[in-house]
Amino acid sequence: MTNPADRNATLAARDLKHIWHPCTQMHDHETIPMLPIVRGEGAWLIDAEGRRYLDGISSWWTNLFGHANPRIAAALAEQARTLEHVIFAGFTHPPAIELAEELVRITPPGLDKVFFADNGSAAIEVALKMSFHYWLNQGHGEKTRFIALTGSYHGETLGALSVSDVALYRKTYAPLLLTPILAPSPDAYEGEPGETPAQVAARRLDELRALLERHAHETCAVIVEPLVQCAGGMRMYHPDYLVGLRRLCDEYAVHFIADEIAVGFGRTGTLFACEQACPGSGRGAGVSPDFMCLSKGLTGGTLPLSAVLTTNAMYEAFYAEYGAGKAFLHSHSYTGNPLACSAALATLAIFRDEPVLERNRALAAHLARRLEPLRDHPHVAEVRQTGMIAAVELVADKATRRPYAAGERRGLRVYLHGLQHEALLRPLGNVIYFMPPYVTSEAELDHLVEVATAGIARAVAD
Ligand SMILES: Cc1ncc(COP(=O)(O)O)c(C=O)c1O
């Protein structure tokens, strides 16, 4: 019997007395339970009363190798006994050095410099500021704008939100934000009837070219989420878009910022999504962006850490006598935190030692087979998948793809059904998605799909 002081209701009440949670209308918790999780084990989260929830969304897309992963935990414990933190200006430490070497080794060619920050949004801020500052240092202070894709999401701080296009998060703060130039997303779901994803990508590249023709002179960079626009509803697009984007950025002298915060570290089937963009013969090793932003899975979901990788050319544009005023004077107190770097090194060691991508391919194929029957569901417009990200788009009308009104909160019904049946599914509006840790078994995937299918039946029942 659990001590009553530790039971779910008691902990939830104490929480709600003082804590303001992220991305939440707190009033919802008058009817929706606040769940105190006290332990994690593999793909499972365990609450204060011993109930279990299969983490189908990797705790906001961060977890790769299971909760309380013993290998990462051991690395952390060792580091905590050695050096927990040190100022990262004027000082360095072995975990950061080793991690930077590893990141340069595994990311696309040409990304030879690493700037650390401590969360995804902070990495986006760094990339945006660096891009602008690069052009300024090159004598192009007129370049002050960014091109972002419709439906994109890059975080919640003001700069990151400025280049995001999810109304739910952006609309309220619009008066405070930079005004990006929006390019139509190559999202295949929004294609014309009969158009293939590659054709959508080609058409959207033509539209991007037209925008660059007009705006390149005032544009610092184009920022994209490679292959999957995650928070925008797990919308997916053809890798040709990335090939064309690289060419256009070169042709029009603007930077290419790849936000791989959600899709990096094996999510899409390759270590990085940019690897799937194969120029020319189709045998290339992917495209190299000018900036690659990483976070989330970087520490296996253990601690906040992010990194912006960029080129030597970018670095050189800031490298000068102090008096020239060209330095990148951006900092966060916890930049390059040794504990977080150690967690990241342990995570990358798992990639080195185990056939992670192969295993993911088998798991992804299994997930695809299990989701297949949902294609015929009368309220499912599309089942789509890129590697270990799969999504089911619910609609009010299958023939016209008319969406359910957001206010109906159909996805919330799936969420609540999931909690009652040992599954954490957290739909994005009407999109039910699966983004499980890589240690999830086939049987556990079956459980997620079964619960989601029953939840969808409940969600569309009236
Ligand atoms: C693609 C992408 N970029 C940036 C972010 C922001 O990361 P963070 O939540 O760590 O600030 C997210 C978060 O979901 C994301 O999905």
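No experiment lies behind these values; they were computed from the predicted model shown.

## Structural notes on the overall build of the protein
Then step 1. Within the protein, the secondary structure is distributed over 14 helices and 16 strands.
Then step 2. Computed over C-alpha atoms, the radius of gyration of the protein comes to 22 Å, within 12% of the 23 Å expected from 2.2 N^0.38 for 462 residues, which places it in the range of a compact globule.
Then step 3. Its C-alpha atoms give the protein principal-axis dimensions of about 65 × 60 × 45 Å.
Then step 4. Every one of the 462 residues in the protein was classed for burial, and the buried ones make up 53%.
Then step 5. Surface summary for the protein: the accessible area is close to 20,400 Å², and the carbon and sulfur share equals 56%.
Then step 6. Considering the protein, the positive charge centre built from 41 side chains and the negative charge centre built from 52 side chains are found 3 Å apart.

## Re the sheet that holds strand β13 (residues 380-386)
Then step 1. Across the sheet, three strands lie side by side as β13-β14-β16; this open sheet has antiparallel pairing. Among the strands making up the open sheet, the edge pair consists of β13 and β16 (431-434). Mean inter-strand twist for the sheet, computed between neighbouring axes without regard to direction, equals 15°.
Then step 2. Taken together, the six bridges between β13 and strand β14 (residues 389-394) define a ladder with antiparallel strand orientation.

## Some thoughts on the pairing of strand β1 (residues 37-41)
Moving residue by residue along a regular strand, the side chains alternate between the two faces of the sheet.
Then step 1. Across four bridges, β1 lies against strand β2 (residues 44-47) in antiparallel orientation. In the sheet register, Ile-37 faces β2, and the bridge partner there is Asp-47.

## A closer look at the site of the ligand
Then step 1. All residues adjacent to the ligand are Trp-61, Asn-119, Gly-120, Ser-121, Tyr-153, His-154, Gly-155, Glu-225, Asp-259, Ile-261, Ala-262 and Lys-296.
Then step 2. For the ligand, an oxygen atom lies 2.6 Å from a polar atom in the side chain of Ser-121.
Then step 3. At 2.9 Å from an oxygen atom of the ligand is found a side-chain nitrogen or oxygen belonging to Lys-296.
Then step 4. Here the ligand loses 82% of its free accessible area of 390 Å² to cover by the protein chains.
Then step 5. Looking at the shell around the ligand residue by residue, the class counts come to four nonpolar, five polar and three charged.

## Things to note about the nonpolar core
Then step 1. Within the largest apolar cluster, 113 residues are counted, with the highest numbers of intra-cluster contacts made by Leu-103, Met-234, Phe-265, Val-392 and Phe-434.
Then step 2. The element contributing the most residues to this core is helix α11 (residues 338-353), with 10 residues.
Then step 3. Setting aside its immediate chain neighbours within four residues, Phe-265 contacts Leu-64, Leu-103, Ile-106, Leu-271, Phe-272, Leu-294, Ser-295, Gly-297, Leu-298, Leu-348, Phe-351 and Tyr-438.

## Some words on unusual backbone geometry
Then step 1. Look at Cys-23: it is not a glycine, yet its phi comes out positive at around 50°.
Then step 2. Within the secondary structure, Cys-23 sits in the loop between α1 (8-18) and β1.
Then step 3. Positive phi values are uncommon outside glycine, yet Ala-253 reaches one of about 55°.
Then step 4. With respect to the helices, strands and loops of the structure, Ala-253 is situated in the loop between α9 (240-252) and β10 (255-259).

## A look at the packing of aromatic side chains
Then step 1. A full pass over the atoms with the stated rule returns 12 aromatic pairs.
Then step 2. Judged by centre distance (5.3 Å) and plane angle (65°), the ring pair of Phe-265 and Phe-272 falls under edge-to-face.
Then step 3. Consider the rings of Phe-318 and Phe-328, whose centres lie 6.0 Å apart with planes at 85°: the pair is edge-to-face. With Phe-318 in the loop between α10 (312-316) and α11 and Phe-328 in the loop between α10 and α11, the pair connects residues that are 10 residues apart, well separated along the chain.
Then step 4. Here the basic side chain of Lys-113 rests over the ring of Tyr-315, its NZ or CZ set 4.4 Å away from the ring centre.
Then step 5. Residue placement shows Lys-143 over the ring face of Trp-135; its charged tip is 4.5 Å from the ring centre.

## Some points on the UniProt feature "modified residue: N6-(pyridoxal phosphate)lysine" (unreviewed entry) in the protein
Then step 1. The UniProt feature table records "modified residue: N6-(pyridoxal phosphate)lysine" (unreviewed entry) at Lys-296.
Then step 2. With respect to the secondary-structure elements, Lys-296 resides in the loop between β11 (291-294) and β12 (306-310).
Then step 3. Looking at Lys-296, the relative accessible area reads 23%, which means it is partly exposed.
Then step 4. If near-sequence neighbours (up to four positions away) are discounted, Lys-296 is found in contact with Trp-60, Trp-61, Thr-62, Ile-261, Ala-262, Gly-301 and Leu-305.
Then step 5. Looking at Lys-296, its side chain comes within polar contact range of the main-chain oxygen of Trp-60, at 3.0 Å.

## Here's the deal with the packing of helix α13 (residues 410-420) against helix α14 (residues 442-459)
Then step 1. Closest axis-to-axis distance for the α13/α14 pair is 8 Å, and the angle between their directions is 135°. Comparing their axes, α14 and α13 come out oblique. Crossing geometry of α13 relative to α14 is assigned as right-handed. Of α14, the residues touching α13 (which contributes Arg-410, Arg-413, Val-414, His-417, Gly-418 and Gln-420) are Val-451, Ala-454, Gly-455, Ile-456, Arg-458 and Ala-459.

## Some words on the pairing of β12
Then step 1. Across the five residues of β12, five count as buried, placing the element largely inside the fold.
Then step 2. The two faces of β12 match: Ser-306, Val-308 and Thr-310 on one face and Ala-307 and Leu-309 on the other face are all buried.
Then step 3. Note that strand β4 (residues 113-117) and β12 share five bridges and pair antiparallel. The residue of β12 that forms the bridge with Lys-113 is Thr-310.
Then step 4. Strand direction decides the pairing type here: β11 and β12, joined by four bridges, are antiparallel. Among the inter-strand pairings, Met-292 is bridged to a residue of β12, identified as Leu-309.

Calculation notes
Residues numbered from 1 in each chain as written. Predicted model: local features only at pLDDT ≥ 70, side-chain atom pairs only at ≥ 80, totals over all residues. Heavy atoms only, no water. Helix = DSSP H or I, 4+ residues; strand = E, 2+ residues; numbered from the N terminus. Rg over C-alpha atoms; globule rule 2.2 N^0.38 Å. Buried < 20%, exposed > 50% of the residue type's maximum accessible area, 1.4 Å probe, protein only. Areas by Shrake-Rupley, 256 points an atom, 1.4 Å probe, with all protein chains shown as cover. Lys, Arg positive; Asp, Glu negative; His and termini not counted. Charge placed at Lys NZ, Arg CZ, Asp CG, Glu CD. Pairing = 2+ DSSP bridges. Axes fitted to C-alpha atoms, helices over the stretch in contact; angles between N-to-C directions. Near = heavy atom within 4 Å. Polar contact = N/O pair within 3.5 Å; in protein donor to acceptor, adjacent residues only side chain to side chain. Nonpolar A, V, L, I, M, F, W, Y, C, P; charged D, E, K, R; others polar. Core = buried A, V, L, I, M, F, W, Y, C linked by side-chain atoms within 4.5 Å. Contact = heavy atoms within 4.5 Å. Phe/Tyr/Trp six-rings, centres within 6.5 Å; stacked < 30°, edge-to-face > 60°. Lys NZ or Arg CZ within 6 Å of the ring centre and 35° of its normal. UniProt positions renumbered as here; feature names shortened; annotations may be inferred. Parallel < 35°, antiparallel > 145°, perpendicular 65-115°, else oblique. Left-handed = near helix turned anticlockwise from the far one by under 90°.

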